[in-house]
Structures are given as structure tokens and as C-alpha cells.
Amino acid sequence: MKESELYKFIPNALEMDNRISVWEYIQTLDFRINWPDYNGIEEKYSVTQQMVHGAGAQKSQERDRHGKTTMDYLNKAGIPHKFNDEVQELIGSRIANFFVCNLSFAGQQYWSHTHQEQESLVYYANPEWRNEWGGETIIYEKDGETFHAAVPYMPGAVLWLKEGVPHALRSPTFQAPLFRHTIAVSYTHLTLPTICSV
């Protein structure tokens, strides 16, 4: 496990049978171009668009013909309730308010961004990944420019980002024979109310 004041990295956060279930489900998803990482004047001229599925708040997601959302299917596959105890402790009583399944490939460009007022869980969903395939998550200091760490893409691991931590993705190398898949879930500091019994 790697850790700093900005993040926590937890290897083997999900048992192998659940990893396979999640992976198989991700392979059935339709991905589309969604929001850009960069909102500057060059946005429309740069390759910053992400391939995503299921982006949005859980309560406003589209439902399929069975009345289920993508998050319902991920819950069935074990996300997030089957993560190990260390991840469960980080989640605590927080409620997920946003999630997305990401797909990345060689040649994409990503910019540093943050999730203000949210802590984020990033699950590395590919069942296999090699270091020479790239795809690290780059973490920056609070100024958004100073390098802090490069977290390697490790199958089955979870990266927990503390509130407002600037980060970016390094796209996979052209050696990577697979798309890089992650599942990102954002949590606010809002927690379930505690019920006192007297």
C-alpha cells in the first residue's frame, strides 16, 4: 500500500471472482465521448474528450428495460460493497453521488483536474496490465502543477483521492493491446445521520 497526505493506494482491493464479474460487465457497455478534462480556449482543438459510460449522479441515471441503472449492475458485480475492509473503512458511511466507467487508449491527452468537495475512489478494472503499457495516474500538489506521484495501473487495485486533489491520467502506450478501464466513484462528505438510542 502506498499513501501520502493526498491519496491512498490499495492493491488487491477486490477478490478475483468479483474482478472477473466486473470486467465481464464492463465489456458489455457502450462507451461514448463525453466531457473534456480541459475547459480552456484550446479545448475544441485538443484530444481531451474521454470515452465514458454511465457518467452522472446515481439518482438521475437512465434505466434500462429492466428498470436498472449501470450502478445497479456494478453493485451486483461487487462494486463497492465487496471491496476489502481497508476500502470499506475509507468509504465509511459516505454516499456515492457520481460515478463513471472510463475507457482510455494510446494517443489521448489528459489535463490535470480536481473533484472539488468530493473524495474519489478509482478502481483499476483490467484483469491484466503491464508496466510498459503505461496508464499511470499522475497526482499533483494542491497547486495543480507540481508533480507529487505517479501511481501505476495495477489490476484490482483502488486509488482513493482526498478532496480536491489535482490528478490526471497518462494514456496507455501504443504497446498496450487493451483499452485501459477504470471505474470512478465520487463521494461527498455528507454521511448518513447517526441515530442515537437512549
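For the structure itself, look to the data block above.
About the cut-offs
Residues numbered from 1 in each chain as written. Predicted model: local features only at pLDDT ≥ 70, side-chain atom pairs only at ≥ 80, totals over all residues. Heavy atoms only, no water. Helix = DSSP H or I, 4+ residues; strand = E, 2+ residues; numbered from the N terminus. Contact = heavy atoms within 4.5 Å. Pairing = 2+ DSSP bridges. Axes fitted to C-alpha atoms, helices over the stretch in contact; angles between N-to-C directions. Core = buried A, V, L, I, M, F, W, Y, C linked by side-chain atoms within 4.5 Å. Buried < 20%, exposed > 50% of the residue type's maximum accessible area, 1.4 Å probe, protein only.

Digging into the overall build of the protein chain
Regarding its fold elements, the protein chain presents 3 helices and 11 strands. Each helix and strand of the protein chain, placed in order from N terminus to C terminus, yields the pattern β-β-α-β-β-α-α-β-β-β-β-β-β-β. A separation threshold of at least 6 residues defines the contact pool for the protein chain, and within that pool the share at least 24 residues apart is 79%.

Thoughts on the sheet that holds strand 8 (residues 147-151)
Across the sheet, 3 strands lie side by side as 8-7-10; this open sheet has antiparallel pairing. Looking at the sheet topology across the chains shown, the edges are occupied by strand 8 and strand 10 (167-169). Ignoring strand direction, the axes of neighbouring strands in this sheet form an average angle of 20°. One ladder, built from 4 bridges, connects strand 7 (residues 137-140) with strand 8; its direction is antiparallel.

Details of the nonpolar core
Counting residues in each nonpolar core, the largest one holds 28 residues, and the members touching the most others are V22, L74, I79, F83, L121, Y123 and I183. If you list the elements that add at least two residues to this core, you get helix 1 (16-26), helix 2 (70-77), helix 3 (85-91), strand 5 (94-104), strand 6 (119-124), strand 9 (158-161) and strand 11 (180-191). With residues near it in sequence (within four places) discarded, L74 still touches V22, Y25, I79, F99, C101 and I183. Core analysis: the second largest hydrophobic core is formed by 16 residues, L6, F9, Y124 and L159 among them.

Observations concerning the side chain of T188
Here T188 shows up in strand 11. Those residues in contact with T188, other than ones at most four positions away along the chain, are R94, I95, N97, E117 and Q118.

Things to note about the pairing of strand 9
A two-sided burial pattern is seen for strand 9, the buried positions comprising V158 and W160 on one face and L159 and L161 on the other. Note that strand 2 (residues 7-10) and strand 9 share 4 bridges and pair antiparallel. Bridge pairing in strand 9 links F9 to L159.

Function cannot be read off these values alone, since they describe shape.
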